Amino acid sequence: MPHEVVNGVSLHYDEWGAGHPLLLLMGFGDGLDAWANQIPAFSERFRTVAVDHRGSGESEAPAGGYAIPQFVDDAIGLLDRLGIERAHVLGYSMGGRVGQDMAARYPDRVSALVLAASAAKANALNLYSLRASAWLYETYGPEAAAAFGPLISFTHEFFDEHLDSLTDRLGEPVLEPMPIHAYRGHVEAIENHDSVPMLGRVAAPTLVLMGDREWLNPMTDARAMLDGIPNATLRVLENGGHGFLWEIPDAFNDAVIEFLAPLTP
């Protein structure tokens, strides 16, 4: 799998398709494989690039440097290495935080922005869930933290349909577990992030995308981004929670493509 050394760190990435570039920025704890439900749809229209943030997936996990601004610089450095001057950016959850800061700091590099299930600043429930998962990870291991994940991501209906399979996976070894220092670094990156003061500098057309069952980053968080970003619109998908890109992938993919298609050179 391809890697590029950016800012002294080996970053794992992959790309598919051709056309105008689309950069995918995943959320906390997951690698680029988590975009599996999106890649086929997006790569039909875009040169689709996904990257593992430092410390996650197959990217290197250095001793330090875990902060949203650093993740931005890593992503920009990767685009430079790939010869991409300007790209659409789709950030999910923590990846949306990276996307906001990227569009504010490097407005000439972002042609359109999608912020999915994200926020400009962590709310108290978000902070508790991060600290609880970090405590589970450090005390009982990555499998314990993984058991906590579905509670954040999925709706009641998803549990109704998948309870047995979710239960069967309890305790399964985690593929590519993050080192504890990197896991803690990602938690602190979100805890310390606040893009509210710079939202007005986001020039790219922006879609704030969320599910109607979202509870981790609810409508109040969406409104803060909509109020701060000059050219932002909201779309709410039915029957979607925080993990709507996995639970209702077709609706998620269609919403992203419908927004980006008229903005694509």
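Our structure's up above, just so we're on the same page.
Residues numbered from 1 in each chain as written. Predicted model: local features only at pLDDT ≥ 70, side-chain atom pairs only at ≥ 80, totals over all residues. Heavy atoms only, no water.

Novice: Any details on empty space enclosed by the protein? Residues and values, ideally.
Specialist: All chains considered together, the criterion is met by one cavity of 30 Å³ or more. There is about 30 Å³ of room inside the largest cavity. Around the largest cavity sit L11, L25, V51, H53, F71, D74 and A75, which together line it. With three residues, the single largest contributor to the lining of the largest cavity is helix 2 (residues 68-81). Per-class residue counts for the lining of the largest cavity are five nonpolar, one polar and one charged. (1 Å grid on protein atoms, 1.4 Å probe; cavity = no way out; pocket = protein on both sides within 12 Å on 5 of 7 lines; lining within 4 Å. Points joined across faces, edges and corners; volume = space filled by probe spheres on them. Helix = DSSP H or I, 4+ residues; strand = E, 2+ residues; numbered from the N terminus. Nonpolar A, V, L, I, M, F, W, Y, C, P; charged D, E, K, R; others polar.)

Novice: Quick rundown of the pairing of strand 4 (residues 47-51)? Include the residues and the values.
Specialist: The element strand 4 is extensively covered by neighbouring structure, given that four of its five residues are classed as buried. Sheet analysis places strand 2 (residues 9-16) next to strand 4, joined by four bridges and oriented antiparallel. Residue pairing in the sheet places D14 in a bridge with A50 of strand 4. The sheet contact formed by strand 3 (residues 21-25) and strand 4 spans five bridges and is parallel. Counted as the bridge partner of L25 is V51 from strand 4. (Buried < 20%, exposed > 50% of the residue type's maximum accessible area, 1.4 Å probe, protein only. Pairing = 2+ DSSP bridges.)

Novice: Tell me about unusual backbone geometry, and name the residues and values.
Specialist: In the Ramachandran plot, N7 falls in the positive-phi region, its phi being about 55 degrees despite a non-glycine side chain. N7 sits in the partly exposed class, given a relative accessible area of 46%. Phi is positive for A117, which is not a glycine, with a value near 50 degrees. Summarising the element assignment, A117 is placed in the loop between strand 6 (110-116) and helix 4 (124-140).

Novice: Provide a residue-level description of the nonpolar core, including the pertinent values.
Specialist: By size, the foremost hydrophobic cluster in this structure holds 57 residues, and its most contacted members are L23, L25, M102 and Y183. The biggest single contributor to this core is helix 2, with seven residues. Discounting residues that sit within four places of it in the chain, L25 has contacts with W35, V51, H53, A75, V89, L90, G91, Y92, G95, V98, G99 and M102. Membership of the second largest hydrophobic core comes to 28 residues, among which are F46, A50, F252 and V256. (Core = buried A, V, L, I, M, F, W, Y, C linked by side-chain atoms within 4.5 Å. Contact = heavy atoms within 4.5 Å.)

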